[in-house]
Each structure stands twice: as C-alpha cells, then as structure tokens.
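# Architecture at a glance
Each chain is listed here by its residues.
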Amino acid sequence: SEWLEGKTLSMARKSLEAVVALRPEAADVVGRGVTPVEEVHVGDVVKIRPGDKVPVDGRVVKGSSLVNESSLTGESKGVEKSVGAQVFAGTVNAGSYLEVETTTESSESTVAKLADLIEQAQMQRSATERLFEGGG
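Below: a short report on this structure. (Residues numbered from 1 in each chain as written. Predicted model: local features only at pLDDT ≥ 70, side-chain atom pairs only at ≥ 80, totals over all residues. Heavy atoms only, no water.)

Here the focus is the side chain of Lys-81. In this structure, Lys-81 sits in strand S6 (residues 79–81). A relative accessible area of 8% places Lys-81 in the buried class. Within the local environment of Lys-81, its side chain forms a polar contact with the side chain of Glu-69, the two groups lying 3.0 Å apart. In terms of polar contacts, Lys-81 uses its side chain to reach the backbone carbonyl oxygen of Gln-86, at 2.7 Å. Among all residues touching Lys-81, those that are not within four sequence positions of it are Val-60, Gly-63, Ser-64, Ser-65, Val-67, Glu-69, Gln-86, Val-87 and Leu-98. (Helix = DSSP H or I, 4+ residues; strand = E, 2+ residues; numbered from the N terminus. Buried < 20%, exposed > 50% of the residue type's maximum accessible area, 1.4 Å probe, protein only. Polar contact = N/O pair within 3.5 Å; in protein donor to acceptor, adjacent residues only side chain to side chain. Contact = heavy atoms within 4.5 Å.)

This paragraph deals with the environment of Asp-44. Within the secondary structure layout, Asp-44 lies in the loop between strand S2 (33–36) and strand S3 (45–48). For Asp-44, a relative accessible area of 16% translates into the label buried. Along the sequence, Asp-44 and Val-29 sit 15 residues apart, while their C-alpha atoms lie 6.8 Å from each other. With residues near it in sequence (within four places) discarded, Asp-44 still touches Val-29, Arg-32, Glu-39, Val-100, Glu-101 and Thr-102. Only 2.8 Å separates the side chain of Asp-44 from the backbone nitrogen of His-41, close enough to count as a polar contact.

Moving on: the sheet that holds strand S7 (residues 86–87). Across the sheet, which stays open at both edges, the six strands sit in the order S2-S1-S3-S9-S4-S7 with antiparallel pairing between neighbours. Taken across any chain shown, the strands that pair with only one partner, and hence form the sheet edges, are S2 and S7. Note: S3 against strand S9 (residues 98–102), four bridges, orientation antiparallel. Residue pairing for S9: Val-45 is matched across the bridge by Glu-101. (Pairing = 2+ DSSP bridges.)

The subject of this paragraph is the pairing of S3. Regular strands have side chains that alternate between both faces of the sheet. Taking every second residue as pointing to the same face, the buried face of S3 carries Val-46 and Ile-48, while none of Val-45 and Lys-47 on the other face is buried. With two bridges connecting them, strand S1 (residues 26–29) and S3 associate as antiparallel partners. Residue pairing for S3: Val-29 is matched across the bridge by Val-46.

Printed below as a string of structure tokens:
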C-alpha cells in the first residue's frame, strides 16, 4: 500500500512538473517589451512569434496561425486561430505571428488551474485508499 501510494505521488509530481513547465515565464507585451508573465494584466496585448509558447490566456486581435494545443488537449493536430479566437497559455504558436489580448491574469490561466487541480489531487487520498487502510 505504501509502495503504491509512493508510486502514485511520484507520478502526480511528474505530471505537475510537466504542467508547470508549460507556463512561459515572460511575455513580449506591446509597448512594454519582455515582461514577467505575472506582470501581464487583462487588456495587455502580447506578441507571439512562430514557435513561441503562448504566455497568456487571451483572444487573438491580429494575425492568424495554427496553434498546437496538444499540451492541454492531447489533440496532435494544430488548431487554426484567427482574430477573435481564444488561445491558452502553454500552447505553442506553430504558424505565423499573432497578437493576443490578455483575458485572464496568469494566476487564473487554464494552465494555472490545471496545475492547481493536479496539486489538489496529489494531496487528497482516494476513498478506496482510506477504505483499505481502515479495514473496511
């Protein structure tokens, strides 16, 4: 039981580390230049070049591109994004230059919420584990 719990925690920790690695640490904000993601606020417009990780959740305001969302959805095909489309932090701009208006603070982004969920799951033990430990 302890071995299984240790193994599960280890897997959850690796999942959490992988999700946290998705979050870029900086964004190229129009008019301000490279800025820590924590200092990018709702309404700020961010430049995203081909190959860049999307640093914020937001809405495309300039350009169109394929965005690889497999880090969040598991879907391997790129998703076409153009003006008005929603993009998510931690995904990758696989095509052309985009400008994205930030719609969510970094602490509330999809990636941040995913990291929080994994962390919560890590800390909670399943009802089955408690049942076995309690002897029924």
